[in-house]
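Structure at a glance
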Amino acid sequence: MSSKKKENKDFQPITDIDRIIHEPARLMILAFLYVVERADFIFLMRQTNLTKGNLSSHLSKLEAAGYIDIEKKFVSKIPRTLLRLTKRGRKAFQIYRQNMKNVFENLPE
Amino acid sequence: MEQSINIEEVKRKTYRAIQQDGLDKILLGILFGLCSLIYVSMVWIAVVACSPVLAQFAREIIRKKLTYNRIGYVEFSKSLDKKETLFTLLTVTIFLSLLVIVNRTGFKALLPLLVVIIPSGIYFMITHYRSRAKIDYMITILFLLSGVIGLFFTLHGYDTTTVLVVQISGLGVVLLTIGIVQFIRFLRKYPKQTVEASNVFKEKRK
């Protein structure tokens, strides 16, 4: 095995990190959705302190990656945007956690 | 990084967020008030029997009108996890043991302690595993304290029914007061949201 290949293998846990989840705002969004069945846009906005535009942009990226499911419906004539973590999103979040754990566990003191 | 993504803490934060409206405490306070009426007149038993279901309905209606449009809507998993199930079983076991003791020995002085076992056990379970809010721990202590104080009075010859009425209605008043204070603070802290997210999404997609 060449030294370059070995070096790449050493950094494997870092290169495996999901960049979509790694962004702090998206990580926060996924962490909140991970612990609930579903939540709406306003709840996430309040909890994450993100602006409407910022949150919707991150949600669109997560939806495009298939990590969250966005459902729009009317409740008593008021529109409500419900967000739910998909199975794929849940799995990706768990893998991300594991990868981050591996990265920091393998670092020397 | 792992330490900063403390999933349990996120879960608690989320649960505490929706509990800020104090509605559960208000409704529990009213429920306690109604329960104390049973000891005054048995006519109230039907109302008390229906009240938990009515309380759930009322909570959802009020939340739809006042809470969800301020803080947003969130839905938690309805099933209990292992620890919560075990704790509930432990509480029910303690309650049933005390109930058997009271029935067998006819020692009615234990009743003030008996009536707070289930509420304090369940309240502690919810507090400890879901919210860890200081105020909720204090309410659990208050439940048990009311039982001990009630026991003290019944042991000193006071009429058990009177002690129970004072104890339960007192707990109801305290819970109601805490709930109303939390509710007012919640309304002030979170003004009503006027713009909905769907508009933002529409604009983005254009």
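Below you will find a few notes about this structure. Since this is a predicted model, take the numbers as computed values, not measurements.

1. Focus on the packing of aromatic side chains
Per the counting criterion, the structure on display carries eleven aromatic pairs over all chains. Seen in terms of ring centroids, Tyr34(A) and Phe93(A) are 4.8 Å apart; in terms of plane orientation they differ by 40°. Their pairing is tilted. Here Tyr34(A) is found in helix α4 (residues 24-35), whereas its partner Phe93(A) is found in helix α7 (residues 87-105), with 59 residues between them in sequence. Judged on exposure class, the residue Tyr34(A) and its partner Phe93(A) are both buried. Between Phe153(B) and Tyr158(B) the ring centres are 5.1 Å apart and the planes differ by 85°, which places this aromatic pair in the edge-to-face class.

2. Overview of the pairing of strand β3 (residues 78-85) of chain A
All names here are of chain A. As paired strands, strand β1 (residues 38-40) and β3 are joined by two bridges and run antiparallel to one another. Residue pairing for β3: Asp40 is matched across the bridge by Leu82. Across eight bridges, the pairing between strand β2 (residues 68-75) and β3 is antiparallel. Looking at β3, one finds that Ile68 is bridged to Leu85. Between β2 and the antiparallel strand that follows it, β3, lie two residues; Ser76 among them carries a positive phi value of about 50°.

3. A look at unusual backbone geometry
All names here are of chain A. The phi dihedral of Asn49 falls on the positive side, at around 60°, and the residue is not glycine. Residue placement: Asn49 occurs in the loop between α5 (41-48) and α6 (52-64). A residue is classified by how much of its surface remains accessible, and Asn49, at 68% relative accessible area, is exposed.

Conventions and cut-offs
- Residues numbered from 1 in each chain as written.
- Chains lettered and ligands numbered in written order.
- Predicted model: local features only at pLDDT ≥ 70, side-chain atom pairs only at ≥ 80, totals over all residues.
- Heavy atoms only, no water.
- Phe/Tyr/Trp six-rings, centres within 6.5 Å; stacked < 30°, edge-to-face > 60°.
- Helix = DSSP H or I, 4+ residues; strand = E, 2+ residues; numbered from the N terminus.
- Buried < 20%, exposed > 50% of the residue type's maximum accessible area, 1.4 Å probe, protein only.
- Pairing = 2+ DSSP bridges.

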